[in-house]
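Each chain, letter by letter, is given below.
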Amino acid sequence: IICTGSDVENMDVALRVRSILSEPSYRKPRKVQVLTELRNEWLYEKLINTDKKSLGSANVDLRLFNPYTNAARMLIKHLRLPPSPEYNAGTFVVIGFGAYGREATLHLIRAALVGLNSPLKILVIDQNADSLKDAFLFSNPAAAEVASLLFVTASVVPGSPDIKNIIEKKLRSAGPLLGVAIALGEDEVGLCAAFEIRKLLDRIGHLRVPVYLRLEHYRQLGELVSDIESICRFNDRLQVFGTLEEILSPGVLFGSRLDALAQELHEDYRRRSQENINQQANVSWHELPEFMKMSNRWRADHTPLLLALADFHVEEDVNSPIVLELTGEETELLAQLEHRRFTIERRLVDWMTDESWQHLQRTHPHLADWSMLE
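Everything in this summary refers to the structure shown in the same document. The structure displayed is predicted, hence computed values, not measured ones. (Residues numbered from 1 in each chain as written. Predicted model: local features only at pLDDT ≥ 70, side-chain atom pairs only at ≥ 80, totals over all residues. Heavy atoms only, no water.)

### Observations concerning the overall build of the protein
And step 1. Scanning the protein from N- to C-terminus turns up 15 helices and 8 strands.
And step 2. Considering the protein as a whole, with its 374 residues, one finds that 48% of them fall into the buried category.
And step 3. Taking the intrachain contacts of the protein between residues at least 6 apart in sequence as the baseline, contacts between residues at least 24 apart amount to 74%.
And step 4. With an accessible surface of roughly 19,200 Å², the protein has 53% of that area assigned to carbon and sulfur atoms. (Helix = DSSP H or I, 4+ residues; strand = E, 2+ residues; numbered from the N terminus. Buried < 20%, exposed > 50% of the residue type's maximum accessible area, 1.4 Å probe, protein only. Contact = heavy atoms within 4.5 Å. Areas by Shrake-Rupley, 256 points an atom, 1.4 Å probe, with all protein chains shown as cover.)

Set out below in structure tokens:
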């Protein structure tokens, strides 16, 4: 585990370790996992979005560790969509647009939490929303093309008049809500804001809309707050995600908890695609280019949400898996949902003008509109 405090030093040390462990004279019965911390968002995005070269090797699984990304992935795993078609919600609220809020927003956009014919709406609330909006859209220009983004300048500090004068009005006019994620800098401020938002949601009739609170340190206190806010059978009204205790746990840090399904998806692709497989992808998980790893991770993270959009809900801790016999209509719906998720993922990574994207859709068989696919 390499976390010197300097991102460039972390990467340089990791590459040196990879070089040493990949020498012909080095022999070890098991692959070595090298975990490298990267907090610089720009450098992290550049490294994970390249499909030119694998960071790892046959002997080394080099894994980039970013606390913002792992926290956002844990948020996605916490999400529970309301039953469909009973409750057709389309707006998600993100409060606090620092590194954690921005990463959560990108993951929410990739997940596409709404039906096929509805754009996901994301309402961002921050004291510096205007300047943060410009920076975010400059770095992620395609985000506004695949989701409806509204930035609102307001403070959620308890006692702020903005809660009544601005935030309540925006939440009332936003329509059915999918949830509210609070990702403020300090835990105490976040806890107080969570109480205020929970109270506001209850007052305007959103008793079942969950609040997801990002805490850094105080998981036990967060669980107590969650218990306090439970009402009868609604015990997920306030949930804590992304604590350091959670994202630094061995299961998350070493990938077994977050990456098990992603690795199996990759191996399944290799088994099923022997004749037409992309040769760059026909390697072990450790030797995959980082973007291909991330693509599998996103697909694995979003699978329960796609199932929920098709009115299937995943049960936790089931001892014996049940094989579902899907109807033709259910298979078609799941296929369309996955195709939409994949095209949004690629659009966010390979941003280009509408004209260039339409040309790519015509020339790339997997990116065409669903109706145009063979």
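Alright, that's what it looks like, and here's the rest.
### Quick notes on the pairing of strand β3 (residues 91–95)
Regular strands show a simple pattern: their side chains alternate between the two faces of the sheet.
And step 1. Most of β3 is tucked away, with 5 of its 5 residues classed as buried.
And step 2. Where β3 lies against strand β4 (residues 121–126), 5 bridges are found, and the strand directions are parallel. Paired with Phe 92 across the strands is Ile 122, a residue of β4.
And step 3. Following the chain from β3 across helix α4 (residues 99–111) to the adjacent parallel β4, one finds a crossover that is right-handed.
And step 4. Pairing of β3 with strand β6 (residues 177–182), which is carried by 5 bridges, proceeds in the parallel orientation. Paired with Val 93 across the two strands is Val 180, which belongs to β6. (Pairing = 2+ DSSP bridges. Right-handed = clockwise from strand over helix to strand, strands pointing away.)

### Let's talk about the side chain of Asn 296
And step 1. Its location among the elements puts Asn 296 in helix α13 (residues 290–309).
And step 2. Given a relative accessible area of 13%, Asn 296 falls into the buried group.
And step 3. In contact with Asn 296, not counting residues within four places along its chain, are Ala 262, Leu 265, His 266, Trp 285 and Leu 288.

### Focus on the packing of aromatic side chains
And step 1. On inspection of all chains with the given rule, the structure shows 5 aromatic pairs.
And step 2. Each ring, one from Phe 92 and one from Tyr 212, has its centre 6.2 Å from the other, and the planes form 15°; the classification is stacked. Here the residue Phe 92 occupies a position in strand β3, and Tyr 212 occupies one in strand β7 (residues 211–214), the gap between them amounting to 120 residues.
And step 3. Note on Phe 92: relative accessible area 1%, which makes it buried.
And step 4. For Tyr 212, a relative accessible area of 1% gives the class buried.
And step 5. Taking 5.4 Å as the distance between ring centres and 85° as the angle between the ring planes, the aromatic pair formed by Phe 97 and Phe 151 counts as edge-to-face. In this pair, Phe 97 is assigned in the loop between β3 and α4 and Phe 151 in strand β5 (residues 148–153), connecting sequence segments 54 residues apart. You'll find Phe 97 and Phe 151 in the same group, each marked buried.
And step 6. Ring pairs connect the aromatic residues Phe 97, Phe 136 and Phe 151, which therefore count as one cluster.
And step 7. The positively charged end of Arg 110 is found above the aromatic ring belonging to Trp 298, 4.0 Å away from the centroid. (Phe/Tyr/Trp six-rings, centres within 6.5 Å; stacked < 30°, edge-to-face > 60°. Lys NZ or Arg CZ within 6 Å of the ring centre and 35° of its normal.)

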